[in-house]
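Descriptive structure summary
These are the residues of each chain, in order.
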Amino acid sequence: MTSIENQNISRHTLMWLLITNIAILSPLYQQITLWSLAICAICIFWRIGIYLGRVAKPPKWLVTALALASATTLAIVVGQIGVLNAMVNLLILGYALKYIEMRNRRDVQAVVLVGYFLIAFTFIHQQTLLSTLHLLVVTIINTCVLISLYHDEKNFKYAGLLGSKILLQSLPFAIILFLVLPRLAPLWLVPPQNKAQTGLSDSVSFGDINELTRSSALAFRATFSGQAPTNEKLYWRAIVMEDYDGKTWLQNPRITNKNSLNPNNAIDDIAQRPQHLTKAGSVIGNQFEYSIIAEPSHQQWLFGLDVANTSDRGIRALNDFTLLAERPIEQKRLYQVISREQLIMEPKLSPYVRNINLALPRSSNPKTRALANEFALSNPEPKSRLNAMMRYFTEQPYYYTLRPPRVGEQQIDDFLITNKAGFCVHYASAFAFMARATGIPTRLVTGYQGGELNSTAGYYSIYQYMAHAWVEVWLEDEGWVRFDPTAMIAPERVEQGFDAFFDPETSYLMDNPFSSLAYRDNPMLNELRMRLASIDYFWSSWVLGFNEQKQRQVLKEILGNVTRTKVTIFIIVSLSVIGLSIAYSAGLIQFRRSTDKHLNAYYSVCKMLNKRGLPRKHHEGPQAYNQRVTAAFPSITADFTKLTQYFIALKYQNMDPKRTKRFSRLLIKQSRWLKIKILIQRLALNKTNT
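Residues numbered from 1 in each chain as written. Predicted model: local features only at pLDDT ≥ 70, side-chain atom pairs only at ≥ 80, totals over all residues. Heavy atoms only, no water.

Quick notes on the environment of arginine 313
- Looking at where arginine 313 falls in the secondary structure, it is placed in the loop between strand S7 (308–309) and strand S8 (315–317).
- What makes arginine 313 exposed here is its relative accessible area of 62%.
- As a C-alpha pair, arginine 313 and glutamate 326 span 13 residues in sequence and 9.1 Å in three-dimensional space. (Helix = DSSP H or I, 4+ residues; strand = E, 2+ residues; numbered from the N terminus. Buried < 20%, exposed > 50% of the residue type's maximum accessible area, 1.4 Å probe, protein only.)

Re the nonpolar core
- Counting 88 residues, the largest nonpolar core has Trp236 and Tyr448 as its most contacted members.
- Here this core takes 10 residues from helix H15 (residues 424–437), the largest share from any one element.
- Cys43, Ala96, Val111 and Ala159 belong to the second-largest nonpolar core, a separate cluster that totals 46 residues. (Core = buried A, V, L, I, M, F, W, Y, C linked by side-chain atoms within 4.5 Å.)

As for the pattern of salt bridges
- Scanning all chains against the criterion turns up 19 salt bridges.
- A salt bridge links arginine 254 to glutamate 242; the shortest N-O distance between them is 2.7 Å. Separated by 12 residues along the polypeptide, arginine 254 in helix H9 (residues 253–256) and glutamate 242 in the loop between strand S3 (235–241) and strand S4 (243–244) bring together distant segments of the chain.
- Residue glutamate 620 is joined to arginine 628 by a salt bridge in which the shortest nitrogen-to-oxygen separation is 2.8 Å.
- Judged by relative accessible area, which is 26%, arginine 628 ranks as partly exposed. (Salt bridge = Lys/Arg side-chain N within 4 Å of Asp/Glu carboxyl O.)

Observations regarding the UniProt feature "transmembrane region" (unreviewed entry) in the protein
- The feature "transmembrane region" (unreviewed entry), as annotated in UniProt, sits at residues 34–53, 65–96, 108–126, 132–150 and 567–589 in this numbering.
- From the first C-alpha to the last, residues 108–126 spans 27 Å; its make-up is 95% helix and 0% strand.
- Between the C-alpha atoms that bound residues 132–150 there is a distance of 28 Å. The span itself is 100% helix and 0% strand. (UniProt positions renumbered as here; feature names shortened; annotations may be inferred.)

Focus on the pairing of strand S15 (residues 459–463)
- Burial analysis of S15 places 5 of its 5 residues in the buried class, which makes it a mostly covered element.
- Of the two faces of S15, both are covered, the one formed by Tyr459, Ser461 and Tyr463 as well as the one formed by Tyr460 and Ile462.
- Two strands pair when backbone bridges link them, and strand S2 (residues 218–224) and S15 are joined in this way by 4 bridges, in the antiparallel orientation. Within S15, the residue paired with alanine 222 across the bridge is tyrosine 460. (Pairing = 2+ DSSP bridges.)

What follows is the structure, given as structure tokens:
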């Protein structure tokens with residue numbers, strides 16, 4: 001006799017498979033290659049033809065040829081798409097090819113299992129709340145395939161409801177494991193992917209920051225544990241650039257060199273280092289503790305205020321006091337930061353670093369050099385000279401614009417002397433060039449300035465259009481000090497934010513007219529936007545960013561003083577409650593007891609068979625029902641016949657007490673065994689036998 005796994009696939013299951021195939025592959029559109037997409041399309045259309053009876057199943061040699069061609073193509077392009085994407089595409093192709101050549105229920109089970117793996121892979125790339133809800137629906141659809149496999153006589157509504165019920169039953173178990181499992185470092189790491197980088201770069205020239213102002217994409221979010229700084233103090237440092245070739249500022253390789261990293265990665269250690277003094281000899285003043293959720297940028301730069309440090313694993317504090325992730329940010333990244341603005345950055349400057357931050361290309365921008373010399377002659381003291389340079393931008397007719405005029409080979413001369421119109425990079429570059437020309441060590445810093453406060457959830461959103469560039473100069477006894485010429489030209493930009501100076505329609509909304517930021521002027525829609533953003537923020541913070549610290553916080557709220565014994569008891573009790581609930585739902589146990597335990601034992605088995613498509617009719621006797629059961633489910637014929645015989649003997653025969661007790665024990669034992677066997681064998685009604 002043919003086993004259930006080798007039986008043919010019903011049309012009901014084939015329809016569910018078609019829906020599932022499209023549902024699983026659609027979220028992977030960013031990872032799938034054109035070649036893989038073409039093969040998947042062929043497989044789907046071929047399977048539709050099979051379903052409609054227009055074409056036959058493909059020969060095995062054709063499926064094998066497609067598989068070999070696919071594997072060869074992936075091996076050729078793996079260097080372009082990355083190892084992880086190549087693995088995902090290989091799994092997708094296996095899923096599609098198995099889908100087209102499946103012939104029995106065992107093949108369907110394999111396709112469903114691979115479908116679960118593809119859903120898990122999708123979670124690597126798509127972790128927003130909306131994507132998670134979408135993938136939960138896809139998981140239900142994939143589960144419906146298995147349900148239809150053993151309940152093919154039921155309609156789509158029955159399969160959908162049962163699939164949803166199964167998923168809901170599994171959620172409490174998943175939540176308990178999510179809360180109590182230790183937050184360990186991953187045993188393996190996702191290889192870096194070849195994706196376009198977003199946000200800031202380790203080089204900047206005229207026009208680079210301008211491009212970011214046309215993007216409304218979110219860069220990161222920040223939440224302060226106490227009072228937050230005012231907007232003019234929200235300078236989020238990301239990259240320090242010391243090399244200048246006359247056109248482009250570049251990060252010096254020494255900054256990211258592991259041998260020259262700041263070895264003290266904790267804020268307490270930095271405060272204790274003798275070379276880090278406080279400004280004007282004061283005690284350490286304003287200290288800000290905050291958390292940041294960085295959006296995927298496929299880069300390693302992280303963000304922090306002056307002077308930022310973190311003790312989070314996987315993040316390094318560089319010797320320029322910026323933060324660098326050890327691996328590119330491929331997913332949302334939550335980390336904790338402490339900043340102390342009164343801390344002096346590098347009070348002692350080595351000759352090597354000084355020379356780097358004084359270097360200028362020979363014969364470049366002679367007019368700017370001449371202007372710088374005038375400042376040096378009239379202001380011998382470095383700080384007064386720098387202040388004079390800052391005032392120069394307000395004394396002359398300079399303009400702050402996102403569309404500055406073109407410049408030639410002598411870029412700074414053209415901007416500073418001729419055009420007198422530019423963006424933050426123009427002013428910062430000109431100021432840095434003049435400072436270096438007069439012997440003051442200077443470097444360019446890029447990051448973000450400002451932030452949008454979400455008063456509903458109490459966090460700041462920093463967008464790409466808030467990208468900014470400013471200057472840090474080194475002064476004796478003060479270390480690196482920030483100077484921002486933009487604050488002189490456009491003080492509203494720094495004090496009130498980007499939107500106070502520029503029109504969104506001509507900047508970040510120009511290429512993104514349907515961005516949610518376009519609804520800021522509508523109070524009702526803006527409130528809705530803020531609340532939806534708050535939901536996404538809490539999801540990112542408490543689910544995607546559920547680290548060891550948050551785990552201890554939640555367990556402390558539940559258990560009080562967290563001990564290993566309490567956690568163990570919590571796990572056992574929680575899993576027991578969940579297990580009892582599932583067992584009750586499956587019919588293995590019943591809490592409502594009848595006075596007749598024999599009826600309960602017999603009817604509990606009938607109830608399980610009813611869920612599997614063979615209900616016992618009200619007028620039907622035990623013998624008649626036994627005949628239908630043995631015809632529909634041959635694998636339990638002997639066991640159900642015994643159960644029926646014990647039940648008839650106890651209900652309709654006169655027996656002495658000793659024999660009654662024996663048959664009662666046998667009936668209850670047989671009932672329990674039969675229910676377990678029904679679950680293990682995954683029985684379902686076979687229409688051909690009814």
